[in-house]
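Residue-level structural notes
Listed here are the chains, written in short residue letters.
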Amino acid sequence: MPELPEVETVRQGLAPAMEGAVIERLEQRRPDLRFPFPERFAERLTGRRIEGLGRRAKYLLANLDDGAVLIMHLGMSGSFRIEDGPGDDPETPGEFHHPRGKAAAHDHVVFHLSNGKRVIYNDPRRFGFMDLVARAKIEAARHLVGLGIEPVGNAFDGKALHALFQGKKTPLKAALLDQRLIAGLGNIYVCEALHMSGLSPEKSAGSLTAKSAERLATSIREVLAAAIAAGGSSLRDHRQANGELGYFQHSFRVYDREGEPCPTPGCSGVIARKVQSGRSTFYCPVCQK
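Bear in mind the structure is a predicted one, so any value in this text is a computation, not a measurement.

What counts and how
- Residues numbered from 1 in each chain as written.
- Predicted model: local features only at pLDDT ≥ 70, side-chain atom pairs only at ≥ 80, totals over all residues.
- Heavy atoms only, no water.
- Helix = DSSP H or I, 4+ residues; strand = E, 2+ residues; numbered from the N terminus.
- Buried < 20%, exposed > 50% of the residue type's maximum accessible area, 1.4 Å probe, protein only.
- Lys, Arg positive; Asp, Glu negative; His and termini not counted.
- Salt bridge = Lys/Arg side-chain N within 4 Å of Asp/Glu carboxyl O.
- Contact = heavy atoms within 4.5 Å.
- Pairing = 2+ DSSP bridges.
- Axes fitted to C-alpha atoms, helices over the stretch in contact; angles between N-to-C directions.
- Core = buried A, V, L, I, M, F, W, Y, C linked by side-chain atoms within 4.5 Å.

**A few points about the environment of Ser212**
Summarising the element assignment, Ser212 is placed in helix α6 (residues 210–230). Ser212 gets classed as buried once you look at its relative accessible area, which sits at 11%. Distance from Ser212 to His162, taken between C-alpha atoms, is 8.6 Å for residues 50 residues apart in sequence.

Rendered as C-alpha cells:
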C-alpha cells in the first residue's frame, strides 16, 4: 500500500495538470473499483473546475468548483499518468527505474481536461477507489472520519507526539501506525524514523520522554521529507504520476536490510527483522533502545 510520501509525490505530479482545469469529459470504463463509483459519477464531474488538489493522510482530494470534493485512493496498484494526447509518451523528470506498463485494459478512469491533457487512472488490482463528498462535510466522510494529526503539518512536533502517547502501553511502532493518532504513517517510514531516532520499536509508547518525543518527531519529518523529495519508496508496482518508479528504496537505512551492518556511525549492530502485529519490523537491536 502506498504511504504518505508516495501519495504526496503523486499529488505534486498531478497538480500542474489538474489544478485550474475543467473536466470537459470523464470516461468511467467500469462500474466499480474497490467500491462502486458514486451514482452519476461521470455526469457529476463533467464541467467541473478543479480548484485545488490536496492530500489528507493517504487520500488525494480534488476540490471542485461546486463545493464537492473528489476523494481518490490508490489502493495497492493504482497510479495516474498524464498525457498531452492519445498515445503521448510523457516526459520523465529525474533519474528513475523500471518503466511503467500502460495496459489499456487497466485504464479505468480518464479525465479529459480543458487544457488538452488527459489524466488516466490505471489500476490492475482495482483496490483503489474514488468517491464524491460535500466539502463542508469532508472531515466526517466515511474514509476520513477519525483520522489523526498530519505528520508533515505545522501542528506536528515533539510536544504533540508526547501528548498523543501519554498513558499508552502499546509498543511504540504500533502507536505510530495507529491512523487515529497520526494519519498517513506506514510501516516503511516508521521503521526508518525509529532507527534514525535511536528508539526501539518495542518500547512502550507511554514511556516516551519529552526529549525522545522531540527527537522522534524530527526524525519522522526528515524521513518523510527525504522520501517525498526522492519520489517515494515505490515498492512493488506503485508508480509516480509521471508513470515511473521512484528510487528512495535505494537509500533505506533499515527497511528490508535484514542481516546488513547498521548504518549508524560507530554501531557494531546488524539489522534484524521481527514481526509485530503481522508487519515486518526492521531495526538495530544494538543502537535502538
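Moving on, there is more to tell.
**Some remarks on unusual backbone geometry**
Positive phi, close to 60°, is recorded for Arg126, a residue that is not glycine. Judged by its relative accessible area of 32%, Arg126 falls in the partly exposed class. One non-glycine residue, Ser277, adopts positive backbone phi at about 55°.

**Some details on the side chain of Lys58**
Its place among the elements puts Lys58 in the loop between β2 (50–56) and β3 (59–64). Buried within the structure, Lys58 lacks any salt-bridge partner; Glu3 is the closest side chain of opposite charge, at an N-O distance of 6.0 Å. If sequence neighbours within four positions are ignored, Lys58 has contacts with Pro2, Glu3, Leu4, Val7, His73, Gln179, Gly184, Leu185 and Gly186.

**Things to note about the pattern of salt bridges**
By the definition in use, this model includes 20 salt bridges. Residue Asp32 is joined to Arg30 by a salt bridge in which the shortest nitrogen-to-oxygen separation is 2.9 Å. On the basis of relative accessible area, Arg30 is assigned to the partly exposed category, the value being 23%.

**Some words on the environment of Asn122**
Relative to the elements of secondary structure, Asn122 occurs in strand β8 (residues 118–122). Of the residues examined, Asn122 reaches a relative accessible area of 3% and is grouped as buried. When the C-alpha atoms of Asn122 and Arg81 are compared, they prove to be 7.9 Å apart, with 41 residues separating the residues in sequence.

**Regarding the sheet that holds strand β1 (residues 23–28)**
Read across the open sheet, the four strands follow the order β1-β7-β8-β5; overall the sheet is antiparallel. Both edges of this open sheet fall to β1 and β5 (79–83), since each of them pairs with a single strand only. Each strand of the sheet is rotated relative to its neighbour by a mean of 15°, with strand direction disregarded. The strands touched by helix α1 (residues 4–18) are β5, β7 (107–113) and β8; relative to β5, the strand with the most contacts, the crossing angle is about 35°.

**Let's talk about the nonpolar core**
Counting residues in hydrophobic clusters, the biggest one holds 33 residues, and the most contacted among them are Leu161, Phe165, Leu172, Leu176, Ile182, Leu216 and Ile220. Broken down by secondary-structure element, the contributors of at least two residues to this core are α3 (158–165), α4 (172–177), α5 (187–197) and α6. The leading source of residues in this core is α6, at seven residues. The residues contacting Phe165, other than those within four sequence positions of it, are Leu172, Ala175, Leu176, Leu181, Ile182, Ala205, Gly206 and Leu208. Ranked by size, the runner-up nonpolar core spans 30 residues in total, among them Phe37, Val109, Val119 and Met130.

Interpretation note: all reported values are geometric properties and have no functional meaning in isolation.
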